[in-house]
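The chain contents come next:
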There are 2 protein chains.
Amino acid sequence: MKNYKILLQYDGTRYKGWQVQKSTDMTIQGKLQAVLEKMSGCPVEVHGSGRTDAGVHALAQVANFKIDVSMTETEILDYMNAYLPEDIFVYEIAEVPMRFHSRLNAVSKTYRYRICNAKRANVFERKYVEVITEPLDVEKMREAAAWLIGEHDFRAFCGKRNQKKSTVRTITEILIEDNRTKENYKPVNKEKRNEEVVISISGNGFLQNMVRIIVGTLVEAGLGKREPESIKEILEKKDRSNAGYTISPRGLALAEVKYD
Amino acid sequence: MKNYKILLQYDGTRYKGWQVQKSTDMTIQGKLQAVLEKMSGCPVEVHGSGRTDAGVHALAQVANFKIDVSMTETEILDYMNAYLPEDIFVYEIAEVPMRFHSRLNAVSKTYRYRICNAKRANVFERKYVEVITEPLDVEKMREAAAWLIGEHDFRAFCGKRNQKKSTVRTITEILIEDNRTKENYKPVNKEKRNEEVVISISGNGFLQNMVRIIVGTLVEAGLGKREPESIKEILEKKDRSNAGYTISPRGLALAEVKYD
(Lines give C-alpha, C1' and ligand atoms only; values in the text may rest on other atoms or scores of the structure.)
Protein backbone atom coordinates (compact mmCIF):
# COMPACT_ATOMS: atom_id res chain seq x y z
CA MET A 1 0.00 0.00 0.00
CA LYS A 2 1.35 3.40 -0.96
CA ASN A 3 0.02 6.91 -0.50
CA TYR A 4 -0.04 9.16 -3.57
CA LYS A 5 -0.52 12.91 -3.72
CA ILE A 6 -1.89 14.34 -6.97
CA LEU A 7 -2.35 17.82 -8.40
CA LEU A 8 -5.30 18.21 -10.69
CA GLN A 9 -7.26 20.85 -12.54
CA TYR A 10 -10.90 20.71 -13.53
CA ASP A 11 -13.57 22.67 -15.31
CA GLY A 12 -16.37 22.40 -12.74
CA THR A 13 -19.14 23.56 -15.10
CA ARG A 14 -20.68 20.11 -15.62
CA TYR A 15 -20.17 18.81 -12.09
CA LYS A 16 -22.18 18.73 -8.87
CA GLY A 17 -19.08 19.64 -6.92
CA TRP A 18 -16.16 17.72 -5.43
CA GLN A 19 -17.90 15.42 -2.98
CA VAL A 20 -19.30 12.05 -3.98
CA GLN A 21 -23.10 11.84 -3.85
CA LYS A 22 -25.48 8.92 -4.03
CA SER A 23 -27.81 10.66 -6.45
CA THR A 24 -25.31 11.43 -9.23
CA ASP A 25 -22.02 10.22 -10.65
CA MET A 26 -21.17 13.77 -11.77
CA THR A 27 -18.77 14.67 -8.97
CA ILE A 28 -15.01 15.13 -9.20
CA GLN A 29 -14.27 12.78 -6.30
CA GLY A 30 -16.63 10.21 -7.82
CA LYS A 31 -14.92 10.33 -11.23
CA LEU A 32 -11.46 9.96 -9.65
CA GLN A 33 -12.55 7.07 -7.42
CA ALA A 34 -14.21 5.24 -10.32
CA VAL A 35 -11.01 5.36 -12.39
CA LEU A 36 -8.80 4.25 -9.48
CA GLU A 37 -11.18 1.41 -8.60
CA LYS A 38 -11.10 0.24 -12.22
CA MET A 39 -7.29 0.45 -12.15
CA SER A 40 -6.70 -1.32 -8.82
CA GLY A 41 -9.72 -3.61 -8.67
CA CYS A 42 -10.50 -2.40 -5.13
CA PRO A 43 -12.52 0.43 -3.55
CA VAL A 44 -10.42 3.59 -3.21
CA GLU A 45 -11.14 6.73 -1.19
CA VAL A 46 -9.76 9.96 -2.63
CA HIS A 47 -9.26 12.76 -0.10
CA GLY A 48 -9.41 16.29 -1.48
CA SER A 49 -7.84 19.34 0.17
CA GLY A 50 -11.39 20.67 0.39
CA ARG A 51 -14.80 20.33 -1.20
CA THR A 52 -15.48 22.63 -4.10
CA ASP A 53 -19.15 23.55 -4.68
CA ALA A 54 -21.12 22.59 -7.77
CA GLY A 55 -19.83 24.59 -10.73
CA VAL A 56 -16.59 25.70 -9.05
CA HIS A 57 -13.34 25.10 -10.94
CA ALA A 58 -9.84 24.14 -9.80
CA LEU A 59 -6.48 25.21 -11.19
CA ALA A 60 -4.52 23.15 -8.67
CA GLN A 61 -6.63 20.99 -6.39
CA VAL A 62 -4.60 18.61 -4.22
CA ALA A 63 -5.82 15.13 -3.35
CA ASN A 64 -4.37 11.89 -2.00
CA PHE A 65 -5.29 8.21 -2.07
CA LYS A 66 -3.84 4.91 -0.90
CA ILE A 67 -3.58 2.03 -3.32
CA ASP A 68 -1.63 -1.16 -3.85
CA VAL A 69 -0.66 -1.55 -7.51
CA SER A 70 2.55 -2.57 -9.26
CA MET A 71 2.73 0.53 -11.44
CA THR A 72 5.13 3.47 -11.61
CA GLU A 73 3.91 6.98 -10.81
CA THR A 74 3.93 7.86 -14.51
CA GLU A 75 1.92 4.75 -15.34
CA ILE A 76 -0.71 5.70 -12.74
CA LEU A 77 -0.86 9.26 -14.11
CA ASP A 78 -1.22 8.01 -17.69
CA TYR A 79 -3.90 5.52 -16.70
CA MET A 80 -5.92 8.14 -14.83
CA ASN A 81 -5.79 10.66 -17.67
CA ALA A 82 -6.67 8.02 -20.25
CA TYR A 83 -9.93 7.24 -18.44
CA LEU A 84 -10.89 10.59 -16.89
CA PRO A 85 -13.26 12.89 -18.82
CA GLU A 86 -11.57 15.69 -20.76
CA ASP A 87 -12.55 18.35 -18.21
CA ILE A 88 -10.56 16.72 -15.40
CA PHE A 89 -6.78 16.45 -15.72
CA VAL A 90 -4.21 15.11 -13.26
CA TYR A 91 -0.91 16.83 -13.99
CA GLU A 92 1.35 15.76 -11.14
CA ILE A 93 1.71 12.69 -8.96
CA ALA A 94 4.16 11.86 -6.18
CA GLU A 95 4.41 9.15 -3.56
CA VAL A 96 4.12 10.70 -0.08
CA PRO A 97 4.46 9.35 3.48
CA MET A 98 1.48 7.26 4.61
CA ARG A 99 0.53 9.90 7.19
CA PHE A 100 0.04 12.65 4.56
CA HIS A 101 -3.59 13.82 4.26
CA SER A 102 -4.40 16.51 1.70
CA ARG A 103 -7.08 18.21 3.83
CA LEU A 104 -5.75 17.74 7.36
CA ASN A 105 -2.20 18.79 6.46
CA ALA A 106 -3.13 21.81 4.34
CA VAL A 107 -1.98 25.04 5.99
CA SER A 108 -3.29 27.55 3.47
CA LYS A 109 -5.63 27.73 0.51
CA THR A 110 -6.12 30.40 -2.11
CA TYR A 111 -9.32 30.85 -4.09
CA ARG A 112 -9.49 33.16 -7.09
CA TYR A 113 -12.68 34.85 -8.26
CA ARG A 114 -12.81 36.40 -11.75
CA ILE A 115 -15.32 39.16 -12.45
CA CYS A 116 -15.73 40.53 -15.96
CA ASN A 117 -16.75 44.14 -15.36
CA ALA A 118 -18.12 44.90 -18.81
CA LYS A 119 -21.32 44.34 -20.71
CA ARG A 120 -20.27 40.88 -21.71
CA ALA A 121 -17.43 38.38 -21.30
CA ASN A 122 -15.08 37.22 -24.01
CA VAL A 123 -16.89 34.20 -25.49
CA PHE A 124 -13.88 31.94 -24.93
CA GLU A 125 -13.74 32.71 -21.18
CA ARG A 126 -17.46 33.00 -20.52
CA LYS A 127 -17.73 29.88 -18.36
CA TYR A 128 -14.97 31.04 -16.02
CA VAL A 129 -15.93 34.63 -15.25
CA GLU A 130 -18.99 36.27 -13.69
CA VAL A 131 -20.22 39.33 -15.58
CA ILE A 132 -21.06 42.44 -13.53
CA THR A 133 -22.15 45.13 -15.97
CA GLU A 134 -22.31 48.13 -13.61
CA PRO A 135 -18.90 49.70 -12.90
CA LEU A 136 -17.25 48.47 -9.71
CA ASP A 137 -15.46 50.85 -7.35
CA VAL A 138 -12.42 48.71 -6.65
CA GLU A 139 -11.16 51.04 -3.90
CA LYS A 140 -14.39 50.53 -1.96
CA MET A 141 -14.02 46.76 -2.42
CA ARG A 142 -10.47 46.91 -1.03
CA GLU A 143 -11.68 48.96 1.95
CA ALA A 144 -14.38 46.41 2.65
CA ALA A 145 -11.94 43.48 2.23
CA ALA A 146 -9.55 44.95 4.81
CA TRP A 147 -12.14 44.32 7.55
CA LEU A 148 -12.06 40.59 6.82
CA ILE A 149 -8.33 40.07 7.28
CA GLY A 150 -7.32 38.13 10.41
CA GLU A 151 -8.99 35.59 12.66
CA HIS A 152 -12.75 36.08 12.89
CA ASP A 153 -15.92 34.13 13.47
CA PHE A 154 -17.20 33.91 9.87
CA ARG A 155 -20.62 32.48 10.84
CA ALA A 156 -22.35 35.26 8.86
CA PHE A 157 -20.44 34.11 5.76
CA CYS A 158 -21.40 30.44 6.09
CA GLY A 159 -23.96 29.04 3.65
CA LYS A 160 -24.77 26.03 5.82
CA ARG A 161 -27.57 26.52 8.34
CA ASN A 162 -27.11 24.94 11.76
CA GLN A 163 -23.35 24.66 11.33
CA LYS A 164 -22.27 22.99 14.59
CA LYS A 165 -18.51 23.00 14.27
CA SER A 166 -16.45 26.14 14.82
CA THR A 167 -16.91 28.89 12.27
CA VAL A 168 -13.70 30.66 13.30
CA ARG A 169 -11.25 30.97 10.42
CA THR A 170 -8.25 33.12 9.53
CA ILE A 171 -8.05 35.06 6.27
CA THR A 172 -4.44 36.01 5.62
CA GLU A 173 -4.82 38.02 2.42
CA ILE A 174 -7.37 39.42 0.01
CA LEU A 175 -5.78 40.75 -3.17
CA ILE A 176 -8.00 42.63 -5.62
CA GLU A 177 -6.43 43.16 -9.04
CA ASP A 178 -7.94 45.71 -11.38
CA ASN A 179 -7.24 44.65 -14.96
CA ARG A 180 -9.83 46.87 -16.60
CA THR A 181 -8.96 49.29 -19.37
CA LYS A 182 -12.06 51.51 -19.09
CA GLU A 183 -13.32 50.49 -22.52
CA ASN A 184 -16.53 49.25 -20.97
CA TYR A 185 -18.10 47.66 -24.01
CA LYS A 186 -15.19 45.57 -25.08
CA PRO A 187 -15.19 41.98 -23.93
CA VAL A 188 -11.45 42.00 -24.44
CA ASN A 189 -8.81 44.69 -24.39
CA LYS A 190 -5.88 44.95 -26.76
CA GLU A 191 -4.03 42.12 -25.04
CA LYS A 192 -7.14 39.97 -25.66
CA ARG A 193 -7.98 39.75 -21.97
CA ASN A 194 -11.33 40.32 -20.41
CA GLU A 195 -12.05 43.59 -18.63
CA GLU A 196 -11.53 41.90 -15.28
CA VAL A 197 -11.47 42.46 -11.56
CA VAL A 198 -9.81 39.43 -9.98
CA ILE A 199 -10.15 38.69 -6.26
CA SER A 200 -7.72 36.25 -4.62
CA ILE A 201 -8.55 35.15 -1.07
CA SER A 202 -6.09 33.17 1.06
CA GLY A 203 -6.77 31.61 4.43
CA ASN A 204 -6.36 28.57 6.62
CA GLY A 205 -9.75 27.14 5.69
CA PHE A 206 -13.14 28.13 4.32
CA LEU A 207 -16.73 27.38 5.35
CA GLN A 208 -19.38 26.27 2.88
CA ASN A 209 -20.03 29.02 0.29
CA MET A 210 -17.78 31.35 2.32
CA VAL A 211 -15.72 32.62 -0.61
CA ARG A 212 -18.82 33.20 -2.73
CA ILE A 213 -20.59 35.10 0.09
CA ILE A 214 -17.48 37.21 0.73
CA VAL A 215 -17.18 38.07 -2.97
CA GLY A 216 -20.92 38.84 -3.17
CA THR A 217 -20.54 41.20 -0.22
CA LEU A 218 -17.47 42.88 -1.74
CA VAL A 219 -19.37 43.33 -5.02
CA GLU A 220 -22.20 45.05 -3.12
CA ALA A 221 -19.62 47.42 -1.60
CA GLY A 222 -18.14 48.01 -5.07
CA LEU A 223 -21.57 48.89 -6.46
CA GLY A 224 -22.27 51.34 -3.61
CA LYS A 225 -25.07 49.15 -2.23
CA ARG A 226 -23.37 48.90 1.16
CA GLU A 227 -20.67 50.80 3.03
CA PRO A 228 -17.26 49.11 3.40
CA GLU A 229 -17.56 49.57 7.19
CA SER A 230 -20.69 47.40 7.22
CA ILE A 231 -18.38 44.36 7.15
CA LYS A 232 -17.43 45.04 10.77
CA GLU A 233 -21.06 44.79 11.82
CA ILE A 234 -21.66 41.66 9.72
CA LEU A 235 -18.81 39.91 11.52
CA GLU A 236 -20.07 41.06 14.94
CA LYS A 237 -23.70 40.07 14.42
CA LYS A 238 -22.78 36.58 13.12
CA ASP A 239 -26.01 36.35 11.12
CA ARG A 240 -26.09 35.20 7.49
CA SER A 241 -28.85 37.67 6.64
CA ASN A 242 -26.54 40.65 7.18
CA ALA A 243 -23.93 39.56 4.66
CA GLY A 244 -24.20 39.92 0.88
CA TYR A 245 -25.52 37.52 -1.74
CA THR A 246 -23.89 34.22 -2.69
CA ILE A 247 -22.33 35.04 -6.03
CA SER A 248 -22.40 32.43 -8.85
CA PRO A 249 -19.80 29.59 -8.76
CA ARG A 250 -18.91 30.36 -12.40
CA GLY A 251 -16.09 32.79 -11.60
CA LEU A 252 -14.56 30.76 -8.77
CA ALA A 253 -11.52 28.49 -8.88
CA LEU A 254 -9.41 26.85 -6.19
CA ALA A 255 -6.01 28.25 -7.17
CA GLU A 256 -3.47 26.92 -4.68
CA VAL A 257 -3.12 24.72 -1.60
CA LYS A 258 -0.03 24.99 0.59
CA TYR A 259 1.53 22.44 2.95
CA ASP A 260 4.33 22.78 5.49
CA MET B 1 -31.14 52.30 -45.39
CA LYS B 2 -27.68 52.27 -43.84
CA ASN B 3 -24.78 49.86 -44.13
CA TYR B 4 -23.19 48.67 -40.87
CA LYS B 5 -19.88 46.90 -40.39
CA ILE B 6 -19.52 44.76 -37.27
CA LEU B 7 -16.66 42.96 -35.57
CA LEU B 8 -17.63 39.80 -33.75
CA GLN B 9 -16.12 36.85 -31.95
CA TYR B 10 -17.61 33.40 -31.58
CA ASP B 11 -16.94 30.03 -30.05
CA GLY B 12 -17.71 27.81 -33.05
CA THR B 13 -17.92 24.57 -31.06
CA ARG B 14 -21.72 24.29 -31.19
CA TYR B 15 -22.20 25.63 -34.71
CA LYS B 16 -22.41 24.13 -38.19
CA GLY B 17 -20.23 26.94 -39.51
CA TRP B 18 -20.82 30.49 -40.72
CA GLN B 19 -23.14 29.96 -43.65
CA VAL B 20 -26.91 29.71 -43.27
CA GLN B 21 -28.34 26.27 -44.03
CA LYS B 22 -31.88 25.06 -44.57
CA SER B 23 -31.39 21.99 -42.37
CA THR B 24 -30.29 23.73 -39.18
CA ASP B 25 -30.56 27.06 -37.37
CA MET B 26 -27.16 26.49 -35.74
CA THR B 27 -25.09 28.72 -38.00
CA ILE B 28 -23.45 32.02 -37.12
CA GLN B 29 -24.94 33.86 -40.10
CA GLY B 30 -28.35 32.40 -39.27
CA LYS B 31 -28.22 33.55 -35.65
CA LEU B 32 -27.17 37.09 -36.67
CA GLN B 33 -29.86 37.33 -39.36
CA ALA B 34 -32.58 36.09 -36.99
CA VAL B 35 -31.74 38.79 -34.43
CA LEU B 36 -31.58 41.56 -37.05
CA GLU B 37 -34.86 40.43 -38.59
CA LYS B 38 -36.50 40.50 -35.17
CA MET B 39 -35.06 43.97 -34.60
CA SER B 40 -35.97 45.53 -37.96
CA GLY B 41 -39.08 43.54 -38.85
CA CYS B 42 -37.62 42.79 -42.30
CA PRO B 43 -35.41 40.11 -43.88
CA VAL B 44 -31.71 41.01 -43.52
CA GLU B 45 -28.72 39.48 -45.28
CA VAL B 46 -25.49 39.46 -43.28
CA HIS B 47 -22.31 39.24 -45.37
CA GLY B 48 -19.29 37.72 -43.65
CA SER B 49 -15.68 38.30 -44.68
CA GLY B 50 -15.58 34.57 -45.30
CA ARG B 51 -17.26 31.31 -44.34
CA THR B 52 -15.81 29.56 -41.36
CA ASP B 53 -16.27 25.75 -41.29
CA ALA B 54 -18.31 23.90 -38.68
CA GLY B 55 -16.49 24.06 -35.33
CA VAL B 56 -14.12 26.88 -36.34
CA HIS B 57 -13.91 29.91 -34.03
CA ALA B 58 -13.47 33.63 -34.69
CA LEU B 59 -11.59 36.22 -32.66
CA ALA B 60 -12.46 39.04 -35.05
CA GLN B 61 -14.80 38.09 -37.86
CA VAL B 62 -16.00 41.07 -39.92
CA ALA B 63 -19.50 41.25 -41.37
CA ASN B 64 -21.82 43.88 -42.81
CA PHE B 65 -25.55 44.29 -43.30
CA LYS B 66 -27.96 46.93 -44.58
CA ILE B 67 -30.94 47.88 -42.47
CA ASP B 68 -33.34 50.74 -42.00
CA VAL B 69 -33.97 51.36 -38.29
CA SER B 70 -34.15 54.51 -36.18
CA MET B 71 -31.55 53.37 -33.66
CA THR B 72 -28.06 54.55 -32.79
CA GLU B 73 -25.07 52.27 -33.39
CA THR B 74 -24.84 51.56 -29.66
CA GLU B 75 -28.52 50.68 -29.52
CA ILE B 76 -28.10 48.21 -32.38
CA LEU B 77 -25.05 46.68 -30.68
CA ASP B 78 -26.90 46.36 -27.37
CA TYR B 79 -29.95 44.85 -29.04
CA MET B 80 -27.88 42.27 -30.91
CA ASN B 81 -25.93 41.21 -27.83
CA ALA B 82 -29.09 41.01 -25.73
CA TYR B 83 -30.61 38.45 -28.13
CA LEU B 84 -27.56 36.56 -29.42
CA PRO B 85 -26.50 33.34 -27.66
CA GLU B 86 -23.65 33.71 -25.17
CA ASP B 87 -21.09 32.15 -27.52
CA ILE B 88 -21.51 34.90 -30.14
CA PHE B 89 -20.56 38.47 -29.26
CA VAL B 90 -20.57 41.61 -31.40
CA TYR B 91 -18.00 44.00 -29.96
CA GLU B 92 -17.80 46.80 -32.50
CA ILE B 93 -20.19 48.45 -34.91
CA ALA B 94 -19.71 51.34 -37.33
CA GLU B 95 -21.74 52.81 -40.15
CA VAL B 96 -19.83 52.41 -43.43
CA PRO B 97 -20.40 53.61 -47.02
CA MET B 98 -23.15 51.70 -48.84
CA ARG B 99 -20.60 50.19 -51.23
CA PHE B 100 -18.61 48.46 -48.43
CA HIS B 101 -18.76 44.65 -48.60
CA SER B 102 -16.94 42.66 -45.93
CA ARG B 103 -15.91 39.83 -48.26
CA LEU B 104 -15.33 41.64 -51.55
CA ASN B 105 -13.32 44.47 -49.99
CA ALA B 106 -11.16 42.31 -47.72
CA VAL B 107 -7.50 42.44 -48.80
CA SER B 108 -6.02 40.05 -46.26
CA LYS B 109 -7.10 37.47 -43.71
CA THR B 110 -5.19 35.78 -40.93
CA TYR B 111 -6.15 32.42 -39.45
CA ARG B 112 -4.53 31.12 -36.28
CA TYR B 113 -4.19 27.42 -35.46
CA ARG B 114 -3.35 26.36 -31.89
CA ILE B 115 -1.73 22.98 -31.30
CA CYS B 116 -1.14 21.72 -27.77
CA ASN B 117 1.98 19.59 -28.13
CA ALA B 118 1.69 17.65 -24.87
CA LYS B 119 -0.20 14.65 -23.59
CA ARG B 120 -3.25 16.74 -22.81
CA ALA B 121 -4.54 20.29 -23.04
CA ASN B 122 -5.30 22.57 -20.13
CA VAL B 123 -8.95 21.78 -19.31
CA PHE B 124 -9.97 25.43 -19.64
CA GLU B 125 -8.60 25.72 -23.20
CA ARG B 126 -9.45 22.23 -24.40
CA LYS B 127 -12.10 23.29 -26.92
CA TYR B 128 -9.74 25.73 -28.64
CA VAL B 129 -6.58 23.67 -29.16
CA GLU B 130 -5.82 20.44 -30.99
CA VAL B 131 -3.69 18.01 -29.01
CA ILE B 132 -0.74 16.38 -30.81
CA THR B 133 1.01 14.14 -28.29
CA GLU B 134 4.13 13.21 -30.30
CA PRO B 135 6.82 15.92 -30.27
CA LEU B 136 6.74 18.26 -33.26
CA ASP B 137 9.92 19.35 -35.02
CA VAL B 138 9.04 23.02 -35.47
CA GLU B 139 12.07 23.71 -37.69
CA LYS B 140 10.84 21.09 -40.19
CA MET B 141 7.38 22.70 -40.10
CA ARG B 142 8.91 26.11 -40.86
CA GLU B 143 10.90 24.61 -43.75
CA ALA B 144 7.73 23.08 -45.16
CA ALA B 145 5.76 26.30 -44.68
CA ALA B 146 8.32 28.32 -46.65
CA TRP B 147 7.33 26.44 -49.83
CA LEU B 148 3.77 27.74 -49.51
CA ILE B 149 4.58 31.44 -49.43
CA GLY B 150 3.64 33.40 -52.55
CA GLU B 151 1.06 33.01 -55.30
CA HIS B 152 0.30 29.37 -56.07
CA ASP B 153 -2.47 27.16 -57.38
CA PHE B 154 -3.67 25.63 -54.10
CA ARG B 155 -5.96 23.05 -55.75
CA ALA B 156 -4.27 20.25 -53.79
CA PHE B 157 -5.19 22.08 -50.56
CA CYS B 158 -8.87 22.51 -51.44
CA GLY B 159 -11.41 20.33 -49.63
CA LYS B 160 -14.13 20.89 -52.23
CA ARG B 161 -14.21 18.39 -55.09
CA ASN B 162 -14.97 19.77 -58.54
CA GLN B 163 -14.07 23.33 -57.55
CA LYS B 164 -14.75 25.26 -60.74
CA LYS B 165 -13.54 28.72 -59.81
CA SER B 166 -9.86 29.62 -59.67
CA THR B 167 -7.84 27.94 -56.94
CA VAL B 168 -4.98 30.42 -57.24
CA ARG B 169 -4.35 32.27 -53.99
CA THR B 170 -1.50 34.20 -52.38
CA ILE B 171 -0.17 33.33 -48.94
CA THR B 172 1.82 36.26 -47.60
CA GLU B 173 3.05 34.86 -44.30
CA ILE B 174 3.11 31.71 -42.20
CA LEU B 175 4.37 32.36 -38.69
CA ILE B 176 4.99 29.36 -36.43
CA GLU B 177 5.46 30.25 -32.76
CA ASP B 178 6.97 27.68 -30.43
CA ASN B 179 5.63 28.30 -26.92
CA ARG B 180 6.60 24.93 -25.48
CA THR B 181 8.70 24.57 -22.35
CA LYS B 182 9.77 20.94 -22.88
CA GLU B 183 7.84 19.75 -19.83
CA ASN B 184 5.87 17.39 -22.01
CA TYR B 185 3.40 16.12 -19.45
CA LYS B 186 2.26 19.45 -18.15
CA PRO B 187 -0.92 20.81 -19.67
CA VAL B 188 0.27 24.23 -18.59
CA ASN B 189 3.65 25.73 -17.87
CA LYS B 190 4.46 28.08 -15.02
CA GLU B 191 2.75 31.00 -16.75
CA LYS B 192 -0.39 28.82 -16.92
CA ARG B 193 -0.26 28.51 -20.68
CA ASN B 194 -0.60 25.37 -22.72
CA GLU B 195 2.49 23.77 -24.23
CA GLU B 196 1.62 25.24 -27.60
CA VAL B 197 2.76 25.52 -31.18
CA VAL B 198 0.74 28.31 -32.81
CA ILE B 199 0.53 28.66 -36.59
CA SER B 200 -0.68 31.96 -38.08
CA ILE B 201 -1.40 31.99 -41.81
CA SER B 202 -2.10 35.22 -43.73
CA GLY B 203 -3.23 35.50 -47.31
CA ASN B 204 -5.57 37.20 -49.75
CA GLY B 205 -8.17 34.45 -49.52
CA PHE B 206 -8.59 30.80 -48.64
CA LEU B 207 -10.31 27.83 -50.30
CA GLN B 208 -12.61 25.46 -48.44
CA ASN B 209 -10.67 23.60 -45.70
CA MET B 210 -7.43 25.12 -47.08
CA VAL B 211 -6.05 26.25 -43.72
CA ARG B 212 -6.86 22.92 -42.07
CA ILE B 213 -5.23 20.93 -44.92
CA ILE B 214 -2.14 23.17 -44.81
CA VAL B 215 -1.83 22.72 -41.03
CA GLY B 216 -2.39 18.96 -41.34
CA THR B 217 0.41 18.83 -43.93
CA LEU B 218 2.75 20.92 -41.74
CA VAL B 219 2.01 18.61 -38.79
CA GLU B 220 2.99 15.60 -40.92
CA ALA B 221 6.28 17.36 -41.72
CA GLY B 222 6.77 18.13 -38.01
CA LEU B 223 6.24 14.46 -37.11
CA GLY B 224 8.75 13.29 -39.75
CA LYS B 225 5.99 11.62 -41.80
CA ARG B 226 6.89 13.66 -44.89
CA GLU B 227 9.81 15.74 -46.08
CA PRO B 228 9.43 19.53 -46.06
CA GLU B 229 10.36 19.53 -49.78
CA SER B 230 7.33 17.37 -50.56
CA ILE B 231 5.24 20.58 -50.46
CA LYS B 232 6.76 21.64 -53.78
CA GLU B 233 5.50 18.47 -55.43
CA ILE B 234 2.05 18.76 -53.82
CA LEU B 235 1.66 22.23 -55.32
CA GLU B 236 2.86 21.06 -58.73
CA LYS B 237 0.64 17.96 -58.93
CA LYS B 238 -2.50 19.89 -57.88
CA ASP B 239 -4.09 16.72 -56.48
CA ARG B 240 -5.78 16.65 -53.07
CA SER B 241 -4.52 13.10 -52.40
CA ASN B 242 -0.90 14.28 -52.23
CA ALA B 243 -1.46 16.80 -49.44
CA GLY B 244 -1.81 15.99 -45.74
CA TYR B 245 -4.90 15.30 -43.66
CA THR B 246 -7.59 17.85 -42.83
CA ILE B 247 -6.84 18.64 -39.19
CA SER B 248 -9.74 19.16 -36.74
CA PRO B 249 -11.51 22.57 -36.72
CA ARG B 250 -11.10 22.72 -32.92
CA GLY B 251 -7.77 24.59 -32.97
CA LEU B 252 -8.70 27.04 -35.73
CA ALA B 253 -9.83 30.65 -35.39
CA LEU B 254 -10.23 33.50 -37.85
CA ALA B 255 -7.97 36.05 -36.18
CA GLU B 256 -7.96 39.17 -38.36
CA VAL B 257 -9.41 40.62 -41.57
CA LYS B 258 -7.79 43.64 -43.19
CA TYR B 259 -9.26 46.26 -45.53
CA ASP B 260 -7.64 49.05 -47.54
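Bear in mind the structure is a predicted one, so any value in this text is a computation, not a measurement.

1. Focus on the overall build of chain A
Per the secondary structure count, chain A includes five helices and 10 strands. For chain A, whose C-alpha radius of gyration is 19 Å, the value lies close to the compact-globule estimate of 18 Å for 260 residues. Along the longest, intermediate and shortest principal axes, the C-alpha atoms of chain A span 60 × 45 × 35 Å. Restricting the contact set of chain A to residue pairs at least 6 apart, pairs at least 24 apart contribute 74%.

2. Some remarks on the interface of chain A and chain B
Counting residues at the interface gives 18 residues for chain A and 18 residues for chain B. Contributions of two or more residues to the side of chain A that touches chain B are made by strand 1 (2-10) and strand 4 (88-96) of chain A. Among the elements that take part in the side of chain A that touches chain B, strand 4 of chain A stands out by supplying three residues, more than any other. Here the residues of the side of chain A that touches chain B are counted per class, giving nine nonpolar, two polar and seven charged.

3. Things to note about the relation of the copies chain A and chain B
Mapping chain A onto chain B leaves a residual RMSD of 0.0 Å; the transformation is a rotation of 180° accompanied by 0.0 Å of translation along its axis. Given the turn and translation reported, the copies of this chain are related as if by a two-fold rotation axis. Of the interface residues in chain A, 100% have counterparts in chain B that sit at the interface too, so the contact is made through matching surfaces.

4. Observations regarding the environment of Ile93 of chain B
Residues and elements named next belong to chain B. Relative to the helices and strands, Ile93 is located in strand 4 (residues 88-96). Between the C-alpha atoms of Ile93 and Ile171, which are 78 residues apart in sequence, the distance is 29 Å. Residues in contact with Ile93, not counting those within four places in the same chain, are Tyr4, Ile6, Glu73, Ile76 and Leu77.

5. Observations concerning the packing of helix 3 (residues 138-146) of chain B against helix 4 (residues 210-222) of chain B
Residue and element names in this part refer to chain B. Here helix 3 crosses helix 4 at 135°, and the two axes come no closer than 7 Å. Relative to helix 4, the element helix 3 lies oblique. Crossing hand, helix 3 versus helix 4: right-handed. For the pair helix 3 and helix 4, the contacting residues are Val138, Lys140, Met141, Ala144 and Ala145 in the first and Thr217, Leu218, Ala221 and Gly222 in the second. In terms of residue class, the contact of helix 3 with helix 4 is built from six nonpolar, two polar and one charged.

6. What about the domain arrangement of chain A?
Residue and element names in this part refer to chain A. By domain assignment, chain A separates into domain 1 (2-96) and domain 2 (107-259). For domain 1 versus domain 2, the distance between C-alpha centres works out to 27 Å. Grouping the constituent residues of the side of domain 1 that touches domain 2 by class yields six nonpolar, eight polar and one charged.

7. So, the pairing of strand 1 of chain A
Residues and elements named next belong to chain A. Bridge count between strand 1 and strand 3 (residues 57-67): eight bridges; the pairing is antiparallel. Looking at strand 3, one finds that Leu7 is bridged to Val62. The sheet contact formed by strand 1 and strand 4 spans eight bridges and is antiparallel. Within strand 4, the residue paired with Leu8 across the bridge is Val90.

8. A short note on helix 3 (residues 138-146) of chain A
Residues and elements named next belong to chain A. Among all positions of helix 3, only Met141, Ala144 and Ala145 are buried. All buried residues of helix 3 fall inside an arc of 100° around its axis, so they share one side. Looking at the packing, one finds that the buried side of helix 3 touches strand 8 (168-179), helix 4 (210-222) and helix 5 (230-237).

9. Some remarks on unusual backbone geometry
Negative phi values dominate among residues other than glycine, just as trans dominates among peptide bonds. Residue and element names in this part refer to chain B. Non-glycine residue Asn162 carries a positive phi angle of around 55°. Summarising the element assignment, Asn162 is placed in the loop between strand 7 (150-153) and strand 8 (168-179). You will see that Asn209, though not glycine, has its phi angle at about 65°, which is positive. Along the chain, the position of Asn209 falls in the loop between strand 9 (196-203) and helix 4.

10. Observations concerning the confidence of the model for chain A
Of the residues in chain A, 95% have a pLDDT of 70 or more, and the chain-wide mean is 94. Scored as a complex, the prediction yields pTM 0.89 and ipTM 0.83.

11. A closer look at the environment of Met1 of chain B
Residues and elements named next belong to chain B. Locating Met1 in the fold gives a position in the segment before strand 1 (2-10). When the C-alpha positions of Met1 and Arg126 are compared, they lie 43 Å apart, and in sequence the two are 125 residues distant. Filtering out sequence-adjacent residues up to four positions away, Met1 remains in contact with Lys66 and Asp68.

12. Comments concerning the pairing of strand 10 (residues 252-259) of chain A
All names here are of chain A. Direction of pairing for strand 3 relative to strand 10: parallel, over a ladder of two bridges. Bridge pairing in strand 10 places Ala58 opposite Leu254. As defined by bridge partners, strand 5 (residues 106-116) adjoins strand 10 across seven bridges and the pair is classed as antiparallel. When the bridges of strand 10 are listed, Thr110 appears paired with Glu256.

13. With respect to the environment of Val44 of chain A
Residue and element names in this part refer to chain A. Within the element layout of this structure, Val44 appears in the loop between helix 1 (28-40) and strand 2 (47-48). Accessibility expressed as a C-beta count within 10 Å gives 18 for Val44, which makes it partly exposed. As a C-alpha pair, Val44 and Pro249 span 205 residues in sequence and 28 Å in three-dimensional space. Non-local contacts of Val44, meaning those with residues more than four positions away in its chain, are made with Gln33, Leu36, Glu37, Phe65 and Ile67.

Definitions and cut-offs
- Residues numbered from 1 in each chain as written.
- Chains lettered and ligands numbered in written order.
- Predicted model: local features only at pLDDT ≥ 70, side-chain atom pairs only at ≥ 80, totals over all residues.
- Helix = DSSP H or I, 4+ residues; strand = E, 2+ residues; numbered from the N terminus.
- Rg over C-alpha atoms; globule rule 2.2 N^0.38 Å.
- Contact = placed C-beta atoms within 7 Å.
- Nonpolar A, V, L, I, M, F, W, Y, C, P; charged D, E, K, R; others polar.
- Least-squares fit on C-alpha atoms with pLDDT ≥ 70 in both.
- Axes fitted to C-alpha atoms, helices over the stretch in contact; angles between N-to-C directions.
- Parallel < 35°, antiparallel > 145°, perpendicular 65-115°, else oblique.
- Left-handed = near helix turned anticlockwise from the far one by under 90°.
- Domains from an automatic or database assignment.
- Pairing = 2+ DSSP bridges.
- Buried ≥ 20, exposed ≤ 12 C-beta atoms within 10 Å, placed from the backbone.
- Arc of directions from axis to C-beta.
- pLDDT = per-residue confidence, 0-100.

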